[in-house]
Amino acid sequence: MAAMAPSPGGGAGEHGVLALILCLLVLHKEAWGLLCYCEDLCPDHNTFNGTCEAKPNSFCFSAVELIYDVETKKWNNHRSFGCLGQDELGLMQCRAYLTEHYRPKNISCCNEYDRCNEGLLPVIYPQTPTPSPTPATNFPESLLLVTLPLAFVAVLAAIMTVWFRYRQREANTLVYNKCSGLVIRANDTLSDLIEQSSGSGSGLPLLVQRTIAKQIQLERSVGKGRYGEVWLGRWRGEKVAVKVFFTTDEASWFRETEIYQTVLLRHENILGFIAADIKGTGSLTQMLLITDYHHNGSLHDHLQNNTLNYFSMIRLSLSMSCGISHLHTEIFGTKGKPAIAHRDIKSKNILVKRNGECCIADFGLAVKYVSENNELDFGTNPKVGTRRYMAPEVLNETINMSCFESLKMADMYSFGLVLWEIARRCASESGDGYLVADSYQLPYFNCVPPDPSFDDMHDVVCVKGIRPEIYLRWHCNEVLKTASKVIQECWHANPAARLTALRVKKTLYKLQVTDGTKII
Ligand code: C9U
């Protein structure tokens, strides 16, 4: 029902009428309540012609709500009009807010006159609402259900990442060497470290060597001799050979360490150097040399336990000649390598690798030579080589020690004896079709006692001019025939007539490629 406007005019009577009308109006409002325009939200029971009656002291409202249309993927304005109930907190909702579904909604209210809300058109200020996730679901609840576990997992992952990185950094950065910048990381293997430092050409930085040496566990002793003791050790699970020198033999440790750190010495047929360390515990000094470990042990061990075929004989001999040739060869340039004479070549100082090749070890007596300044570096080791393998010119002391070529020639004599040890163990076909090989023996086994004196050797090698026997069976086969020629040319009484390591290498290489298919 519409409110009646008071008619203009004056007088006490008129005023009384006016007051009466006003009273009636108020009473009417109190009695009948406010009528509002309703659309979309009309309560069924008291709806009449798009009109509803607001509860006493309540309001008419006009609302606009943004609703997401999943089909058109658009936000639409949804308008509604109606009466606020008394329990709807009246003015509390007459404002712009986000609904429980996170939809923007704006409600305007009025109570000035009946259907006052008809002309009320609240607006929603332009914004970019995010699509409501599932309009039908209770978002805050699903939010809790989904986000809480997710947040928990995220926090856990972050903590674990930080902890893991911290542990890794702790483990990784064991050593940082200011000079080389080399770092031992948790997953580094020995070959990784050696590869990283290969630029220097002279092995690992000293600090890294010390760290590795400290971290090695000795597992078991694999040999004892005049040099000291050799152990199988482990560094982070990797096998290494550890040579522990006698405390009285500091000079050998020092020389060997020095030689192993010679620029460009690293070669597949030279025992792979890893580290050297000296530990002083009061009066006791322990000197260690750590190298690659070779399961087969020395050539001496290997020949005792195995016979060879032509293929394995050539492989051992050729690789040994490659090692000696590399040692003997001077490499020129700013980062060149001096020529090195070994001076103690023997089957116990040669190791057998898994691939059937050899590598040369024990450089305690080695001599370096740089041709540019004709400089011979003997080191300070007073020791001499193994008597059994000494060349005649060493035994009769006619060797010119200041001539590097003489030292190389003496090496080739010893090399010839080792080739002989190898050839004895190489099986060849006997007349009746059987394969035969000789037992393992040291050179001159039948001429001198087990630990021959200098004089014993001098008498046999220089005075009697005896050399180990070249067997008849060796003449019946191409490979052994070539080997016996090489052997004899290596142990010639005249050092200058001996083969060089390079020559042996070329001869054996030819033998391998020409006869390789026939001999296997
Ligand atoms: C013969 C002395 N010797 C052996 C090795 C070394 N000297 C050595 C030299 N320089 C630096 C470090 C070590 C050596 N040995 C191996 N392996 C090895 C495996 C088995 C044996 C011996 C040695 N056996 C001996 C006989 N009984 C069975 C085991 N690897 C690298 C160097």
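Along each chain, residues carry numbers from 1 onward, in the same order as the chain's sequence is written. Only residues with pLDDT of at least 70 get local features here, since the model is predicted, and only at 80 or more are side-chain atom pairs given and counted; chain-wide, interface and lining totals rely on the full set of residues. Based on all heavy atoms of the structure, the side-chain values leave hydrogens and waters out of the count.

Draft legend 1. How the structure looks around the overall build of the chain. The helix and strand tally for the chain stands at 12 helices and 18 strands. Throughout, exposure labels follow a simple rule: accessible area from a 1.4 Å probe, protein chains only, divided by the maximum for the residue type, with under 20% read as buried, over 50% as exposed, and the rest as partly exposed. In the chain, which comprises 520 residues, the share counted as buried stands at 42%. Within the chain, counting contacts between residues at least 6 apart in sequence, those at least 24 apart form 62% of the total. Secondary structure elements are defined from DSSP: runs of H or I of at least 4 residues count as helices, runs of E of at least 2 residues count as strands, and each element is numbered from the N terminus. Whether two residues touch is decided by their heavy atoms; if any such pair falls within 4.5 Å, the residues are in contact.

Draft legend 2. Structural view of the site of the ligand. Taken together, 16 residues form the shell around the ligand, and within it V222, A241, D292, Y293 and H294 come nearest. Nitrogen and oxygen atoms within 3.5 Å of one another constitute a polar contact, given that in protein one can donate a hydrogen and the other can accept it, and given that sequence-neighbouring residues count only through two side-chain atoms. H294 is positioned such that a nitrogen or oxygen atom in its backbone is 2.8 Å from a nitrogen atom of the ligand. The protein chains shown are the only cover counted for residues, whose accessible areas, like all others here, come from Shrake-Rupley with a 1.4 Å probe. Starting from 650 Å² of accessible surface for the ligand in isolation, the protein chains cover 79%. Of the residues assigned to the shell around the ligand, the class counts are 8 nonpolar, 4 polar and 4 charged. Summary of the distance rule: residues count as near a molecule or strand when at least one heavy atom falls within 4 Å of that molecule or strand. Any residue outside Ala, Val, Leu, Ile, Met, Phe, Trp, Tyr, Cys, Pro, Asp, Glu, Lys and Arg is labelled polar, Gly included; the first ten of those are nonpolar and the last four are charged.

Draft legend 3. Examining the nonpolar core more closely. Only buried residues count toward a nonpolar core, which is a set of Ala, Val, Leu, Ile, Met, Phe, Trp, Tyr and Cys residues joined through side-chain atoms within 4.5 Å. In terms of nonpolar packing, the biggest core is built from 77 residues, with L299, M313, M320 and I422 touching the most fellow members. Excluding anything up to four places from it in sequence, L299 contacts L316, M320, S347, I350, L351, V352, C358, V418 and I422.

Draft legend 4. Expanded view of the packing of aromatic side chains. Side-chain rings of Phe, Tyr and Trp (the six-membered ring for Trp) are treated as a pair once their centres are within 6.5 Å; stacked means planes under 30 degrees apart, edge-to-face means over 60, and tilted covers the remaining angles. Applying the stated criterion across every chain, the model contains 7 aromatic pairs. These aromatic residues form a ring-pair network of at least three members: Y260, F273 and F363.

Draft legend 5. Region of interest: unusual backbone geometry. Backbone geometry at L264 places phi at a positive 65°, although glycine is not the residue there. Counting through the fold element by element, L264 comes out in the loop between α5 (250–260) and β10 (273–281). Positive phi is not limited to glycine here, since D362 has a value of about 65°. Relative to the helices and strands, D362 is located in the loop between β14 (358–360) and β15 (367–370).

Draft legend 6. Molecular detail of the pattern of salt bridges. Every case where a carboxyl oxygen of Asp or Glu lies within 4 Å of a side-chain nitrogen of Lys or Arg is listed as a salt bridge. Taken as a whole and assessed by the stated rule, the structure comprises 17 salt bridges. Between D451 and R226 there is a salt bridge whose closest N-O contact spans 2.9 Å. Here the residue D451 occupies a position in the loop between β18 (435–436) and α10 (454–463), and R226 occupies one in the loop between β7 (217–225) and β8 (228–235), the gap between them amounting to 225 residues.

Draft legend 7. Structural view of the pairing of β7. DSSP calls a pair of strands paired once it identifies at least 2 bridges connecting them. Direction of pairing for β7 relative to β8: antiparallel, over a ladder of 7 bridges. Bridge pairing in β8 links L218 to G233. Where β7 folds back onto β8 in an antiparallel hairpin, the turn is made up of 2 residues.

Draft legend 8. Structural view of the packing of helix α7 (residues 310–328) against helix α11 (residues 478–490). Here an angle of 0 to 180 degrees is reported between the N-to-C directions of two axes, which are lines fitted to C-alpha atoms, with helices fitted over the stretch in contact. Here α7 crosses α11 at 25°, and the two axes come no closer than 10 Å. Relative to α11, the element α7 lies roughly parallel. At the point where α7 passes α11, the crossing takes the left-handed sense. On α11, the residues that touch Y310, M313 and I314 of α7 are V479, L480 and A483. Residues belonging to the contact of α7 with α11 are distributed by class as follows: 6 nonpolar, no polar and no charged. In this scheme, roughly parallel covers angles under 35 degrees and roughly antiparallel covers those over 145, while 65 to 115 is roughly perpendicular and the rest are oblique. By definition, any crossing whose near helix is turned counterclockwise from its far helix by less than a right angle is left-handed, and any crossing with a clockwise turn is right-handed.

Draft legend 9. Molecular detail of a nonpolar patch on the surface. In this scheme, patches are assembled from residues that exceed 30% relative accessible area and form no salt bridge. Like charges are connected within 9 Å, while nonpolar side chains (Val, Leu, Ile, Met, Phe, Trp, Tyr) are connected within 5 Å. Side chains of F152, V153, L156 and M160 sit close together on the surface and give an oily, nonpolar patch of about 420 Å² of accessible area. Position of F152 relative to the elements: it lies in helix α2 (residues 139–172). The exposure class of F152 is exposed, given its relative accessible area of 55%.

Draft legend 10. Geometry of the sheet that holds strand β4 (residues 74–83). Read across the sheet, 4 strands follow the order β4-β3-β6-β5 without closing on themselves; strand pairing throughout is antiparallel. Here the strands that pair on one side only, and so sit at the sheet edges, are β4 and β5 (96–98). Across the sheet, the mean angle separating the axes of adjacent strands is 25° when strand polarity is ignored. As paired elements, strand β3 (residues 60–69) and strand β6 (residues 104–110) share 6 bridges and run antiparallel to each other. Within β6, the residue paired with A63 across the bridge is I107.

Draft legend 11. Quick look at the state of the cysteines. For this text, the term disulfide refers to a pair of cysteine sulfurs within 2.5 Å. According to the stated counting rule, one finds 5 disulfides in the structure shown. Note on cysteine connectivity: C94 is disulfide-linked to C109, with sulfurs 1.8 Å apart. Handedness of the C94-C109 disulfide follows from its S-S torsion of about -90°: it is left-handed. One end of the pair, C94, is in the loop between β4 and β5; the other, C109, is in strand β6, with 15 residues separating them in the sequence. Its relative accessible area of 18% is what places C94 among the buried residues. In the chain, the bonded cysteines, numbered by position in the sequence, are linked as 1-5, 2-3, 4-6, 7-8, 9-10.

Draft legend 12. Looking closely at the sheet that holds β15. Pairing is antiparallel across the open sheet formed by 3 strands, whose spatial order is β12-β15-β16. With partners counted over all chains shown, the strands left at the sheet margins are β12 (339–341) and β16 (375–377), one partner each. Geometrically, the sheet is characterised by an average inter-axis angle of 20° between neighbouring strands, direction not taken into account. Sheet analysis places β15 next to β16, joined by 3 bridges and oriented antiparallel. Within β16, the residue paired with V370 across the bridge is E375.

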